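Chains, contacts and geometry: an overview
Chain by chain, the residues:
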Amino acid sequence: MALWEQGGSSNGFQQRKATGDNEAGAGQRSTVKGVLTCTLATILNAKHSEADNCFVYKHLKFNTVMVMGLIREANHEINGSLATYQIDDHSGGSLEIKWWHDDSGEPMKPMTYVKVIGQVKTFSNKAHVVAHHITKMQSLNELIAHSIECLHASMSIRKQGELTGNGMTSNNNNNHGSSGAGQSQQTSGVSNGFTPVQNAVLNLLKTVTTMTGYSVTEICKQLKQFSENQVKQALEFLSGEGHIYSTTDDDHFRAASN
């Protein structure tokens, strides 16, 4: 992955809470990793692939996205933790955003530009995003930069596909050999949706202050209580869920909420 692939989350429980049994993407874990910076039109025109368990639009494959747009409608449940927004980025249609929050922050209001990072889902053949992280845009320059990043991401992924001879390419590492161990790790000692090693890795990456992030070697040095294999499995899981993303190469990571 590269720097334009950014993402975020609040916590694993809230993400799973928002996933229904009838929603696309709620089945087996997808091997498509990373967070795609894209327009709303990309999501609205994408189709869900049962074979890859991801969403496909032209040469792009994705599950977790970063989008920006203007809130047109906002609905906050009274004494509840679910907020629903309709956002528009002028690329073609509006998109529903569902956000499970802890009531600690100020509710987003209509006519506010926001950045949203979350997972794409479908219900009744209609796409929406279950947000991990929502922030207000500080400047319209962010929207301009986002548009450029959308083009950059699309062109780079297309070029990667041409170089590898595969017309539809994504940040997809098929580490089938470690899937059994990873599943065992994820079901042992789970707290708030994460195992101890996943929590430790995520909390460490939240302290990162540089754009490069921490390397796998640096993470292992600081988390000596876990083996290198455990750390790598945690990184794979967190990256696949959109909680972290790789930066300069596949060995350096940052937390999506940074």
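Residues numbered from 1 in each chain as written. Predicted model: local features only at pLDDT ≥ 70, side-chain atom pairs only at ≥ 80, totals over all residues. Heavy atoms only, no water.

Digging into the sheet that holds strand β10 (residues 214-215)
Rules: Any two strands are treated as partners once DSSP identifies two or more bridges connecting them. Starting at the N terminus, helices and strands are each numbered in turn, a helix being any DSSP run of H or I of at least four residues and a strand any DSSP run of E of at least two. The contact criterion used is simple: two residues touch if any of their non-hydrogen atoms lie within 4.5 Å. Axis definition: a line fitted to C-alpha atoms, limited for helices to the stretch in contact. Angles are taken between N-to-C directions and run from 0 to 180 degrees.
Taken in spatial order, the three strands make up an open sheet running β10-β12-β11, and their pairing is antiparallel. The strands lining the two open edges of the sheet, one partner per strand, are β10 and β11 (244-246). Two strands pair when backbone bridges link them, and β10 and strand β12 (residues 252-255) are joined in this way by two bridges, in the antiparallel orientation. Residue pairing in the sheet places S215 in a bridge with H252 of β12. Where helix α5 (residues 196-205) meets the sheet, its contacts fall on β10, β11 and β12, and the angle it forms with β12 comes to roughly 85°.

Here we look at helix α7 (residues 228-241)
Spelled out, the test is: Expected helix span is computed as 1.5 Å times (number of residues minus one). Exposure is judged per residue with a 1.4 Å probe applied to protein chains only, and the accessible area is read against the type maximum: over 50% gives exposed, under 20% gives buried, and values in between give partly exposed.
The terminal C-alpha atoms of α7 lie 20 Å apart, and with 14 residues this matches the ideal 20 Å at 1.5 Å per residue to within 8%. Taken together, the buried positions of α7 are V231, Q233, A234, L235, F237, L238, S239 and E241. Looking one or two places after α7, you find G242, whose phi comes out positive at around 90°.

As for the sheet that holds strand β2 (residues 47-49)
As summarised here, the arrangement of the three strands in space is β2-β3-β4, forming an open sheet in which the pairing is antiparallel. Each of the sheet's edge strands pairs with one partner strand only, and the pair in question is β2 and β4 (60-62). If you compare each strand with its neighbour and ignore which way they point, the axes differ by 35° on average. Relative to strand β3 (residues 54-57), β2 runs antiparallel, the two sharing three bridges. By the bridge assignment for β3, H48 is matched with F55.

As for the environment of C54
With respect to the helices and strands, C54 occurs in strand β3. Between the alpha carbons of C54 and V120 there is a distance of 8.9 Å; along the sequence they are 66 residues apart.

A closer look at the packing of aromatic side chains
To keep things clear, this is the line we draw: Side-chain rings of Phe, Tyr and Trp, where Trp is taken by its six-membered ring, are said to pair if the distance between their centres is within 6.5 Å; with planes under 30 degrees apart they count as stacked, over 60 as edge-to-face, and otherwise as tilted.
Taken as a whole and judged by the stated rule, the model has two aromatic pairs. Plain terms: the ring middles of F55 and F62 are 6.2 Å apart, the flat faces sit at 20° to each other, and that makes the pair stacked. Look at F62 and you get buried, because its relative accessible area is 2%. Note on F194 and F237: the rings are 6.5 Å apart at their centroids and 80° apart in plane angle, and the pair reads as edge-to-face. On the criterion of sequence distance, the pair formed by F194 in the loop between α4 (179-186) and α5 and F237 in helix α7 is long-range, its members being 43 residues apart.

Observations concerning the nonpolar core
Nonpolar side chains tend to gather and get buried jointly when the protein is soluble and globular. As a reminder of what qualifies: We call a set of buried residues a nonpolar core when its members are Ala, Val, Leu, Ile, Met, Phe, Trp, Tyr or Cys and they connect through side-chain atoms within 4.5 Å of each other.
Ranked by size, the top nonpolar core spans 27 residues in total, and within it I43, F62, Y85, I87, I97, V116 and I134 carry the most contacts. Among the elements that make up this core, the one with the highest residue count is strand β9 (residues 126-136) (four residues). What I97 contacts, discounting residues up to four positions off in sequence, is A83, T84, Y85, I87, V116, V129, A131 and I134. If you look at the next biggest cluster of nonpolar residues, it comprises 21 residues, including V197, L205, F237 and F253.

Structural notes on the state of the cysteines
Condition: Throughout, disulfides are identified as pairs of cysteine sulfur atoms within 2.5 Å of each other.
Tallied over the entire structure, the rule returns zero disulfides. Considering cysteine sulfurs only, C38 is the nearest to C150, which forms no disulfide, with 6.2 Å between them.

Describing the packing of α5 against α7
This is how the line gets drawn: Our angle categories are set so that under 35 degrees counts as roughly parallel, over 145 as roughly antiparallel, 65 to 115 as roughly perpendicular, and the remainder as oblique. Residue classes follow a fixed rule: Ala, Val, Leu, Ile, Met, Phe, Trp, Tyr, Cys and Pro count as nonpolar, while Asp, Glu, Lys and Arg count as charged, and any other residue, Gly among them, counts as polar.
Their axes nearest at 9 Å, the elements α5 and α7 cross at an angle of 70°. With respect to each other, α5 and α7 are oriented roughly perpendicular. Mapping the contact onto sequence places V197, Q198, V201, L202 and L205 in α5 and Q230, V231, A234, L235, F237 and L238 in α7. Grouping the amino acids of the contact of α5 with α7 by side-chain chemistry returns nine nonpolar, two polar and no charged.

Remarks on the side chain of Q86
Topologically, Q86 is positioned in strand β6 (residues 82-88). Ignoring any residue separated from it by four or fewer positions in sequence, one finds Q86 in contact with L70, I71, R72, E73, S94, L95 and E96.

Thoughts on α5
With seven of 10 residues buried, α5 lies mostly within the body of the structure. Residues of α5 that are buried: V197, Q198, A200, V201, L202, L204 and L205.

Shape is all these values report; function is a separate question.
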